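In case you want the letters, here they are:
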Amino acid sequence: MCQINGAEGTITDELRRSVAAGQLGSVLNEVDRETVIALQQIAMNESRLGIPLLFGRDVIHGFRTILPIPLGQAASWDPELVQAGARWAAREASVQGVHWTFAPMIDIARDPRWGRIAESLGEDPYLTSVLGVAMVKGFQGDDLTASDAIAACVKHFAGYGASESGKDYNTTNIPENELRNIYLRPFKAAVQAGVCSLMASFSDLDGVPATANRFLLTDILRNEWGFDGFVVSDWDAVRQLSVHGLTEDDRASAFEAVTAGIDMEMASTTFARFMTELVETGTVPISAIDASVTRILEVKFRLGLFDLPSVPSVEMTDDEQSAALELARRVAVESTVLLKNDNATLPLDPAVSNKIAVIGPLADDPYEQLGTWIFDGDVSLSVTGLQAIRQMVRGAVTFEPALTTSRDRDPEGIARAVEAVREASVAILFLGEESILSGEAHCRTDLDLPGAQVELVRRIRKVGKPVVAVISAGRPLTLSTIVDDVDALLYAWHGGAMAGPAIADLIFGRANPSGKLPVSFPRNVGQIPLYYNHKQCGRPPSAESMAFIDDIPVRPRQTSLGMTAYHLDVHPSPLFAFGFGLSYTLFSYDNIVVSSARIPLGEPVTVSAEVTNAGEVAGVEVVQLYVRDLVGSTTRPIR
Ligand code: GLC
């Protein structure tokens, strides 16, 4: 029931002693193969019961071969591909001795100020459920005892994405109706798909932190859903119960967590220090310990840890490594979303484009394109956008970073970039946010392109050449400041090791964009939270009911401005909607037929359509069907 952090390839005396004394059930963040083997030998040969350790690691979007961030993968809307990515990550991680990953993260995220939206699969419970289950299956494989299978851990249970003001670790208040319809759905799907474990969230849910929330961890997870795996706390979250102010000290935190339903404590040591006394004094019944220990042991048995050698002997072959990179490229291609393509600026013809100016601080940075949560990522595998473009075109390619980083406010380098564009036939701008501005605890209130990037775009625009912008980011950025100044706009997220070749494939037409947004893009942060499946409310805005700030007459009557649900200074729609994404071809939808106009509740309904590629190039279309329950005993989403 106790998990502590590894010592990065060493075995300290403290670690050796704890393992030999059987005081640890799991170690996280130890990925040195030999150290894992050595620790496992101590656990199985020297401790009283010889129970093997469970080695855990955050394998979020690839292990050594980094794939696009999960939010990017979600834009593929391709469960098979997402599953293949997780399968590969498990293969790579298991070679280093990882048995368990703290992934997939399936928190519904409706607030791009929150840095962890990068790890999520977006704002929709259905898409997140399907892709989350695909990742669980990818990690766990068909046979958990296989040497390259690793246990999955869906997180963070539950409602973490609703952190107030998009500030990480912050309070969440979620009515049960919303909790069940939105935030719990993906977790229920993962439990039904056989996920081995869940991680409780740091966050305070309606006054009771998830780490001590019996309603979540026992009433729903165990009694309603019948989950039989185990629940691990988040890092130090048990001890933090006293920081929240739910408990007065670590002993009380240990009691509250274990009785609510936490089976394993990560990083803090309240269980190790107080559980024996809590049981001996009858404060915690031994049955609670038996329940937790049984759940953990069952996963260890299901993983075959009692029988398996500590780590699979099979190292990666070179062929496998190139297969992984090819997969990473495919995922990056399918994850990229074409948001704008005026006058068919894209695709460029590699033969004709005789002089390309590649501009921007993120055009040639093998590290930044990997994104957040890449503990074991191998940066040497990265191919950047600039490298890929140079490999693909015969004409001259000039490069001007213009700025030193995505945050650089010094415009001094912009003039050289403008000159390069003046000499070129087309400008390709690589913009966005560095990976450190995304991910855990990296929340922001201003989502415009950071630094002097907006000025860079404006000055490049003035040169008058076609401008293609490629955005690398871990969240929806507010693009209103540049969208009118570019001819084409590709959203590549943080696209992983093969982001460069994927972007080049798309820019030069070797691939046709098929990505669709898994999250709404606001026009400005004032619109947040902004998501497609919102409620109608009693006064929905209509075109005729809205008057905007620049059109409002001076001193009009108080009630003359529409009186509907919108902001005076921005249109209520997103800049780019959930599910949106352009293609180089055109798909037509014909003969859309619903099996019958009125369907009795519970009866199946069939909707069919003829989808035709009416354009000149091959392409992939994600057909989306939205339904609406017009009247319900509680109000229903508009889609
Ligand atoms: C972090 C994260 C969690 C991660 C864990 C172990 O704080 O909240 O998602 O799995 O600690 O790294």
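A quick note: this is a predicted structure, and the numbers were derived from the prediction, not measured.

(A) Highlighting the overall build of the protein. If you tally the helices and strands in the protein, you get 17 helices and 18 strands. A compact globule built from 639 residues should have a C-alpha radius of gyration of about 26 Å, and the protein, at 26 Å, falls within 12% of that. Based on the C-alpha atoms only, the size of the protein along its principal axes is roughly 75 × 60 × 50 Å. Within the protein, the fraction of its 639 residues that count as buried is 56%.

(B) Here's a closer look at helix α16 (residues 453-461). Among the residues of α16, Q453, V454, L456, V457 and I460 are the ones counted as buried. Summarising the axial view, the buried residues of α16 lie within an arc of 160 degrees, below the 170-degree limit, and thus occupy one face. On the buried face of α16, the contacting elements are β12 (355-359), α15 (414-422), β14 (426-432) and β15 (467-472).

(C) Representation of helix α1 (residues 13-20) in the model. Listed as buried for α1 are L15, S18 and V19. All buried residues of α1 lie within an arc of 95 degrees about the axis, which places them on one face of the element.

(D) Highlighting the site of the ligand. As a matter of local geometry, the ligand sits amid D58, F102, R116, K155, H156, M199, F202, D234, W235, M266, W373 and E440. The side chain of H156 places a nitrogen or oxygen atom 2.7 Å from an oxygen atom of the ligand. In the complex, 93% of the free accessible area of the ligand, which totals 310 Å², lies under the protein chains. Split by residue class, the shell around the ligand holds six nonpolar, one polar and five charged.

(E) Region of the structure containing the sheet that holds strand β2 (residues 26-28). Spatially, five strands are ordered β4-β3-β2-β1-β10 in an open sheet, and the strand pairing comes out parallel. The open sheet has two edge strands, β4 (100-101) and β10 (265-266), and neither has a second partner. Of the strand pairs in this sheet, strand β1 (residues 2-5) and β2 are connected by three bridges, and their pairing is parallel. If you follow N5 over to β2, its bridge partner there is L28.

(F) The packing of aromatic side chains, seen in detail. Within this structure, the stated rule accounts for 18 aromatic pairs. Ring pairing ties together the aromatic residues Y491, W493, F521, F576 and F580, which thus form one cluster. It is R639 that lies over the ring of Y626; its NZ or CZ is 4.4 Å from the centre.

(G) Representation of the nonpolar core in the model. Grouped together as the largest cluster of nonpolar side chains are 95 residues, with contacts concentrated most on W100, F139, F157, V195, L198, L216 and F271. Considering each element in turn, this core owes the most residues, six residues, to helix α5 (residues 125-140).

(H) Representation of unusual backbone geometry in the model. Following F157, the chain continues into A158 via a peptide bond in cis, with omega recorded as -5 degrees. By the element assignment, A158 lies in the loop between β5 (153-157) and α6 (176-183). I528 connects to P529 through a cis peptide bond whose omega is 5 degrees. Counting through the fold element by element, P529 comes out in the loop between α17 (499-507) and β17 (587-594). Here the phi dihedral of A344 falls at roughly 50 degrees; this positive angle occurs in a residue that is not glycine. Within the fold, A344 resides in the loop between β11 (337-341) and β12. A344 sits in the exposed class, given a relative accessible area of 56%.

(I) Highlighting the sheet that holds β5. Spatial ordering of the open sheet is given by β5-β6-β9, a layout of three strands whose pairing is parallel. With partners counted over all chains shown, the strands left at the sheet margins are β5 and β9 (230-232), one partner each. Taking the axes of each pair of neighbouring strands and ignoring which way they run, one obtains an average angle of 30 degrees across the sheet. Two elements, strand β6 (residues 197-200) and β9, share three bridges in a ladder whose sense is parallel. Within β9, the residue paired with L198 across the bridge is V231. On top of the sheet, helix α8 (residues 214-224) reaches β5, β6 and β9; it is set at about 155 degrees to β9, its chief contact.

Conventions and cut-offs
Residues numbered from 1 in each chain as written. Predicted model: local features only at pLDDT ≥ 70, side-chain atom pairs only at ≥ 80, totals over all residues. Heavy atoms only, no water. Helix = DSSP H or I, 4+ residues; strand = E, 2+ residues; numbered from the N terminus. Rg over C-alpha atoms; globule rule 2.2 N^0.38 Å. Buried < 20%, exposed > 50% of the residue type's maximum accessible area, 1.4 Å probe, protein only. Arc of directions from axis to C-beta. Contact = heavy atoms within 4.5 Å. Near = heavy atom within 4 Å. Polar contact = N/O pair within 3.5 Å; in protein donor to acceptor, adjacent residues only side chain to side chain. Areas by Shrake-Rupley, 256 points an atom, 1.4 Å probe, with all protein chains shown as cover. Nonpolar A, V, L, I, M, F, W, Y, C, P; charged D, E, K, R; others polar. Pairing = 2+ DSSP bridges. Phe/Tyr/Trp six-rings, centres within 6.5 Å; stacked < 30°, edge-to-face > 60°. Lys NZ or Arg CZ within 6 Å of the ring centre and 35° of its normal. Core = buried A, V, L, I, M, F, W, Y, C linked by side-chain atoms within 4.5 Å. Axes fitted to C-alpha atoms, helices over the stretch in contact; angles between N-to-C directions.

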